[in-house]
Amino acid sequence: MSEERLGRVRDRVRPFPDFPVPGVLFRDISPLLKDPAAFRTLIDLLEDHLRASFPKIDFIAGECLDSRGFLIGPPLAQRLGIGFVLIRKKGKLPGPTESVSYALEYGKAELEIQSDAVEPGQKVVIVDDLLATGGTMCAACELMKRLKAEVLECLVIIELKLLKGSEKLKSIPFYSLLQYD
Amino acid sequence: MLFLAELMVSERPDPASEEERSPQLLLHPAGGCEGTGGNPGSSSCDISPLLKDPAAFRTLIDLLEDHLRASFPKIDFIAGLDSRGFLIGPPLAQRLGIGFVLIRKKGKLPGPTESVSYALEYGKAELEIQSDAVEPGQKVVIVDDLLATGGTMCAACELMKRLKAEVLECLVIIELKLLKGSEKLKSIPFYSLLQYD
């Protein structure tokens, strides 16, 4: 992976201290979306990584409690010539669904997928913009397990290493383009 | 359930060139809307099949790209509405070689923002954009998956007005015509790929 290409992406991630609450440093990817060359490079790098890692992927699943996963999932799926399936906050998807609840810092959240999103044995890469504690990504993996699909990898643009989210994923392969404390 | 393929075929004036139209026939029963009674703000139109089928999704973006290239010589940004507008905005922006800016529910964007509140069926909601998302005079197309009452799209146009940007058009995949949302947009040009009652 060329350092230059990675740098082009890294330069477009903008830190905001104390957002959404004091003590949290928010990594804003808005500049990345706003710059078409940088966004193209982002998708190039993710596509290269997936093509090199997995000969066959059936779907990209966008894990989006927040909906930022929607920003990268469809473009990446299109590059690979495959479809995109949605994992959403409970109550947003019509029709029969599987749902899983998980702990937040305060309270609980529930993620959902349509029951016909993927079939048993299909191979999926789950994507999101960022991995923090890993709680949401874990729940997404659990949903795939319920549908008996195989999670090839969980992939994010940004990993916040200090929160050790990747450890929560245990044996499921994990990949992040950029790492921050 | 309306078939996207049928609609595409019926829009073409010349029924003769089957080869040209064959990609559109890949748009099988996608984007079906199952009755719109009850709660206009919460669509029962499911675009999941459209996302799941890469050929259908590619054709969707093709059609939207063709439309925009034919309509506007210069567009500075695509602006997408949280959250299903995020599904189509970035691919469309990439096709046009331009950037994508986010319009989000209040509280999700860091830094200085503009916000506008608008009425929901019950209560209010607020939309937000980062103050530096667009500059005065820049030309923007606002996209979302669906237009129902038009309240959210209107609020998005208001945000652009606050930033003194020019809204070239509001563009959606699906328009629910009975709800007359496009009338709410008044003089701002509007485009929908599919129309349902």
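The numbers attached to residues start from 1 for each chain and follow its sequence in the written order. All chains are assigned letters beginning at A, and all ligands numbers beginning at 1, according to the order in which they are written. Whole-chain, interface and lining totals are the exception, using all residues; otherwise, since this is a predicted model, local features are given only for residues with pLDDT of at least 70 and side-chain atom pairs are given and counted only at 80 or more. Excluding hydrogens and water, the side-chain figures rest on all heavy atoms present in the structure.

Draft legend 1. Structural detail: the sheet that holds strand 6 (residues 108-114) of chain A. All names here are of chain A. Two strands qualify as a pair provided DSSP detects at least 2 bridges between them. In DSSP terms, a helix is any run of H or I states spanning at least four residues, a strand is any run of E spanning at least two, and both are numbered starting from the N terminus. Within the open sheet, the seven strands sit side by side as 5-6-4-3-7-8-9. Their pairing is mixed. Edge strands, defined here as strands with exactly one partner in the open sheet, are strand 5 (97-103) and strand 9 (174-180). When the angles between neighbouring strand axes are averaged without regard to direction, this sheet yields 20°. Taken together, the four bridges between strand 3 (residues 59-64) and strand 7 (residues 123-131) define a ladder with parallel strand orientation. Bridge pairing links Gly-62 to Val-127 in strand 7. Angular values range over 0 to 180 degrees, each being the angle between N-to-C directions of two axes fitted as lines to C-alpha atoms, with helices fitted over their stretch in contact.

Draft legend 2. Spotlight on the pairing of strand 5 of chain A. Residue and element names in this part refer to chain A. Summarising the sheet, strand 5 and strand 6 pair through seven bridges and their orientation is antiparallel. Bridge pairing in strand 6 links Val-100 to Leu-111. Here strand 5 hands over to strand 6 after four residues, with Gly-107 in that stretch at a positive phi of 90°.

Draft legend 3. Structural view of the UniProt feature "domain: Phosphoribosyltransferase" (unreviewed entry) in chain A. Cross-referencing UniProt, the feature "domain: Phosphoribosyltransferase" (unreviewed entry) maps to residues 32-159 of chain A in the present numbering. Within residues 32-159 of chain A, the helical portion is 35% and the strand portion 36%, while the C-alpha atoms at the span's ends are 16 Å from each other. UniProt positions are given in the numbering used here, feature names are shortened, and annotations may be inferred rather than shown by experiment.

Draft legend 4. Structural context of the packing of aromatic side chains. Any Phe, Tyr or Trp ring, taking Trp's six-membered ring, that has another such ring centre within 6.5 Å forms a pair; planes under 30 degrees apart are called stacked, those over 60 apart edge-to-face, and the others tilted. A full pass over the atoms with the stated rule returns three aromatic pairs over all chains. Taking 5.1 Å as the distance between ring centres and 85° as the angle between the ring planes, the aromatic pair formed by Phe-19 of chain A and Phe-26 of chain A counts as edge-to-face. Only protein chains enter the calculation, and the probe is 1.4 Å; a residue is then buried if its accessible area is under 20% of its type maximum, exposed if over 50%, and partly exposed in between. On the basis of relative accessibility, which here comes to 16%, the residue Phe-19 of chain A falls in the buried class. The interplanar angle of 90° and the centroid separation of 6.1 Å between the aromatic rings of Phe-86 of chain B and Phe-100 of chain B together place this pair among those described as edge-to-face. Here the residue Phe-86 of chain B occupies a position in helix 5 (residues 85-96), and Phe-100 of chain B occupies one in strand 2 (residues 99-105), the gap between them amounting to 14 residues. For the residue pair Phe-86 of chain B and Phe-100 of chain B, the accessibility class agrees, reading buried in each case.

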